[in-house]
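Each chain, letter by letter, is given below.
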Amino acid sequence: MGVVLLIIGLVGLVLTVASLIGLDFGGLDLDLGDSGAGLLSALMPGLTGFGLIGGGLLTFTDDVSTGVALLAGVVTGLVMAGTALLLVRWLWRSGEELPDVDLVGLPVRVVEPVSPQRLGTGEVSTPLGSRQVTITAESELPHNAQVRIIAKLDDRNVYLVERLPFSELDG
């Protein structure tokens with residue numbers, strides 16, 4: 001019975017890791033890492049804790065009864081499942097707390113050159129820190145050019161930029 005519980009725990013561990021990193025097995029897409037705080041987010045760590053602790057106690061110790069090993073496995077599984085749910089809930093809520101920053105009007109440094117037919121990358125400083133954005137322009141802009149965001153295009157995360165006047169390049 002201990003070996004069966006160990007196998008259950010190892011299957012739970014493999015599925016937990018697979019859901020965290022997102023794996024693709026041929027035509028079967030196993031991408032559960034971004035699925036939210038659903039049943040699998042708690043079930044897999046709980047199954048891992050139950051199987052590994054219960055099976056480990058039954059297999060590797062001689063003085064523990066089956067009931068005590070199963071109880072220890074259930075308690076460990078519940079603690080791990082609860083911890084996983086709390087962690088996913090905290091991560092989900094922390095993502096909602098980030099404010100939206102309006103980037104229109106902010107200066108940008110061109111990181112990847114941009115032209116009218118080619119998207120580039122720019123680095124913009126916001127109150128939350130520096131971040132890179134996808135940019136386009138009506139003229140060619142070389143690496144390290146100083147520009148300003150003048151508009152956000154549609155609902156995409158692409159910003160239209162223009163060169164800064166010489167008076168604003170220093171300040």
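Bear in mind that the values here come from a model prediction, so they are computed numbers and not experimental data.

A. Up close: the overall build of the protein chain. Helix and strand counts for the protein chain come out as four helices and seven strands. Along the protein chain, helices (α) and strands (β) appear in the sequence α-β-β-α-α-β-β-β-β-β-α when read from the amino end. The buried share of the protein chain, reckoned over its 171 residues, is 29%. Across the protein chain, every contact between residues at least 6 apart in sequence was considered, and the portion connecting residues at least 24 apart equals 48%. Here the protein chain has roughly 11000 Å² of accessible surface; of this, 62% comes from carbon and sulfur atoms.

B. Here's a closer look at the confidence of the model for the protein chain. The share of residues in the protein chain with pLDDT of 70 or more is 80%, and the mean pLDDT across the chain is 81. Across residues 24-37, where pLDDT falls below 50, the model places 19 contacts with residues more than four positions away in sequence or in other chains.

C. Region of interest: a nonpolar patch on the surface. Where nonpolar side chains cluster on the molecular surface, the patch consists of V3, I7, V11 and L15 and spans about 330 Å² of accessible area. Structurally, I7 can be placed in helix α1 (residues 2-21). Note on I7: relative accessible area 48%, which makes it partly exposed.

D. Inspection of the environment of E112 at higher detail. Of note, E112 is situated in strand β3 (residues 107-112). Placed 32 residues apart in sequence, E112 and N144 show a C-alpha to C-alpha distance of 8.2 Å.

E. Highlighting the pairing of strand β7 (residues 158-163). Here strand β5 (residues 129-137) runs beside β7; their pairing, made up of four bridges, is parallel. Opposite T134, over in β7, you have V158 as the bridge partner. Sheet analysis places strand β6 (residues 146-153) next to β7, joined by six bridges and oriented antiparallel. Counted as the bridge partner of V147 is R163 from β7.

F. Examining the sheet that holds strand β4 (residues 120-126) more closely. Taking strand neighbours around the barrel as the criterion, the five strands line up as β3-β4-β5-β7-β6 in a closed arrangement whose pairing is mixed. Averaged over all pairs of adjacent strands, the angle between their axes in this sheet comes to 55 degrees, without regard to strand direction.

Reading the values: rules and limits
Residues numbered from 1 in each chain as written. Predicted model: local features only at pLDDT ≥ 70, side-chain atom pairs only at ≥ 80, totals over all residues. Heavy atoms only, no water. Helix = DSSP H or I, 4+ residues; strand = E, 2+ residues; numbered from the N terminus. Buried < 20%, exposed > 50% of the residue type's maximum accessible area, 1.4 Å probe, protein only. Contact = heavy atoms within 4.5 Å. Areas by Shrake-Rupley, 256 points an atom, 1.4 Å probe, with all protein chains shown as cover. pLDDT = per-residue confidence, 0-100. Patch = residues over 30% accessible without salt bridge, like charges linked within 9 Å, V, L, I, M, F, W, Y side chains within 5 Å. Salt bridge = Lys/Arg side-chain N within 4 Å of Asp/Glu carboxyl O. Pairing = 2+ DSSP bridges. Axes fitted to C-alpha atoms, helices over the stretch in contact; angles between N-to-C directions.

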